[in-house]
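# Structure at a glance
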Amino acid sequence: MIRSAAALSLFFILPVFASNIPGLEPEKSWDLDGYVKYMANVTLPDDNKNVTEHQVHQRFNYEYRFDDHFRFNTSLRNRLILGESAEIPGYADLVDTDTGYVDLSSNWLDKSGAIGNSQIDRFSVNWSNEQWQVRAGRFRINWAMATLWNANDLFNSYSIYDFDYEERAGTDALMVSHTLGYASNIDVVYAPNSNSDLDSYSARYLFNHNLWDMQLLMGKSLSDRVIGAGFAGDIAGAGTRGEVTFFDPIWATIPGQSENSQLQAKTVVASLETDYSFNTVDNWALRASILYISELQDIDSGLHYLNMPLSPKTLSFAHWTYYADVGFDLSPLSRLTFAASYYQDGSYFVSTTNTYSLANNWELLAVLQHFDGLESESLFKKSTATQVFGRIKWSF
């Protein structure tokens with residue numbers, strides 16, 4: 001599957017130029033960019049042996065513009081993973097996971113200590129004019145108002161621990177958008193699932209009132225009926241954002257799962273976030289957020305939680321979760337950020353991130369993450385671990 005899709009992508013990566021004009025460079029109808037990253041990391045669990053991993057991650061982003069209204073986009077990511085992590089049973093299947101309607105991921109290397117994977121995570125056609133936009137294929141649907149925890153992001157939830165996938169996953173869907181006026185539009189999305197009972201379809205109304213962006217949404221997300229709202233604005237110079245979504249299960253258990261699986265329950269997911277940037281030479285910035293989930297999923301370990309499928313209902317394993325970070329420039333080329341989250345069961349997560357710009361298209365990144373707990377029964381306390389990452393990235 002991946003070979004045919006990749007070949008189709010490469011077919012479009014042929015330079016097509018507008019008519020040549022003497023003395024002028026012709027306008028391109030296509031763009032190709034991407035990056036190559038090398039990252040090394042070591043996991044230091046308290047109760048087990050250390051695990052090392054080396055990863056080479058390469059990406060192509062391609063766009064072809066047929067005219068002013070119609071364009072095609074695709075992105076291909078290739079990863080080579082080496083080390084002890086690649087020897088863990090089931091890890092190759094985790095790397096190969098593709099949650100889309102069409103499986104566009106394939107492991108082309110799978111042996112002890114080495115995993116190679118290619119995945120097309122963007123593949124879409126887009127038509128638009130001044131008032132309408134129609135998009136079909138695999139693309140990212142971003143309905144988030146907040147920047148950290150997104151109760152309204154029904155299609156593309158993401159993990160705050162995964163810093164190495166900046167683009168984030170896409171969704172196989174059809175989206176129709178209609179612009180109503182200034183900062184106002186309606187989006188309608190249909191996302192099929194291999195199990196038709198889990199098809200998703202939702203609508204969003206986005207508008208602006210007194211300089212505040214607001215949105216209302218409703219529909220069906222997998223096995224739940226949903227209704228939600230979000231807002232984003234400014235209070236005394238501090239950015240303020242919030243989201244809330246109510247999930248009402250259609251069935252007692254998720255279709256396709258065993259009868260002994262967890263019973264579904266009506267769930268409210270809500271988040272509130274604020275940030276403030278100081279006008280200083282060092283560009284100090286503060287951010288804080290709080291997340292509430294009324295009904296929790298059954299989770300037996302920290303490893304299970306970090307690798308489970310993402311949705312607004314699995315953004316945390318605690319009813320209340322708190323987060324704060326602070327960042328500042330060490331120099332014009334280097335920025336340092338400290339972050340921490342605390343979970344109601346006593347678990348906590350802390351991280352330190354430093355980015356350094358070597359050149360316009362070269363970047364160094366160092367990350368330290370620690371998972372622990374204040375209580376003996378807290379989830380992260382049962383699997384205390386420290387992870388250290390070092391990455392170099394070249395963009396083209």
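How each quantity is defined
Residues numbered from 1 in each chain as written. Predicted model: local features only at pLDDT ≥ 70, side-chain atom pairs only at ≥ 80, totals over all residues. Heavy atoms only, no water. Pairing = 2+ DSSP bridges. Helix = DSSP H or I, 4+ residues; strand = E, 2+ residues; numbered from the N terminus. Contact = heavy atoms within 4.5 Å. Polar contact = N/O pair within 3.5 Å; in protein donor to acceptor, adjacent residues only side chain to side chain. Core = buried A, V, L, I, M, F, W, Y, C linked by side-chain atoms within 4.5 Å. Buried < 20%, exposed > 50% of the residue type's maximum accessible area, 1.4 Å probe, protein only. Phe/Tyr/Trp six-rings, centres within 6.5 Å; stacked < 30°, edge-to-face > 60°. Patch = residues over 30% accessible without salt bridge, like charges linked within 9 Å, V, L, I, M, F, W, Y side chains within 5 Å. Areas by Shrake-Rupley, 256 points an atom, 1.4 Å probe, with all protein chains shown as cover. Salt bridge = Lys/Arg side-chain N within 4 Å of Asp/Glu carboxyl O.

A few words now on the pairing of strand β15 (residues 320-331). One ladder, built from eight bridges, connects strand β14 (residues 285-293) with β15; its direction is antiparallel. By the bridge assignment for β15, L286 is matched with V326. Counted between consecutive antiparallel strands, the loop separating β15 from strand β16 (residues 334-343) contains two residues.

Strand direction decides the pairing type here: strand β12 (residues 238-249) and strand β13 (residues 267-277), joined by nine bridges, are antiparallel. Directly across from G239, in β13, lies its bridge partner D275. The sheet contact formed by β13 and β14 spans nine bridges and is antiparallel. Looking at β14, one finds that T274 is bridged to A288.

Turning next to the environment of Y356. One can find Y356 in strand β17 (residues 347-359). When residues no more than four places from it in sequence are discounted, the contact partners of Y356 are L333, S334, W362, E363 and L364.

This part covers the side chain of S177. In this structure, S177 sits in strand β7 (residues 171-181). A distance of 2.6 Å separates the side chain of S177 from the side chain of D187, its partner in a polar contact. Apart from residues no more than four positions distant in its own chain, S177 is found in contact with Q131, W132, Q133, I186 and D187.

This brings us to the nonpolar core. Residues I141, W143, L154, F155 and V189 are the most contacted members of the largest nonpolar core, which totals 21 residues. Counting residues per element, the ones that place at least two in this core are β7, β8 (184-191) and β14.

Now for the packing of aromatic side chains. Under the criterion given, the structure shown has 25 aromatic pairs. Considering the side-chain rings of F163 and F389, the 4.9 Å spacing of their centres and the 85° angle between planes classify their relative orientation as edge-to-face. Residue F163 is located in the loop between β6 (132-139) and β7, and its partner F389 is located in strand β19 (residues 385-395); the two are separated by 226 residues in the primary sequence. For the ring pair Y305 and F380, a centre distance of 6.4 Å and an interplane angle of 55° mean the geometry is tilted. One end of the pair, Y305, is in helix α3 (residues 302-307); the other, F380, is in the loop between β18 (362-373) and β19, with 75 residues separating them in the sequence. Grouping residues by exposure puts Y305 and F380 together as buried.

This part takes up a nonpolar patch on the surface. There is a patch of nonpolar side chains on the surface, built from L32, V36, Y38, V56, F60, L333, Y356, L358, W362, L364, W394 and F396 and spanning about 960 Å² of accessible area. Mapped onto the nonpolar patch, the elements with two or more residues apiece are β1 (30-45), β2 (51-65), β17 and β18. Tracing the chain through its elements places F396 in the segment after β19.

Let us now look at unusual backbone geometry. With a phi close to 55°, L222 is a non-glycine residue in the positive phi region. Along the chain, L222 turns up in the loop between β10 (212-221) and β11 (224-235). Owing to a relative accessible area of 39%, L222 belongs among the partly exposed residues under this scheme. One non-glycine residue, N283, adopts positive backbone phi at about 55°. Assignment of secondary structure puts N283 in the loop between β13 and β14.

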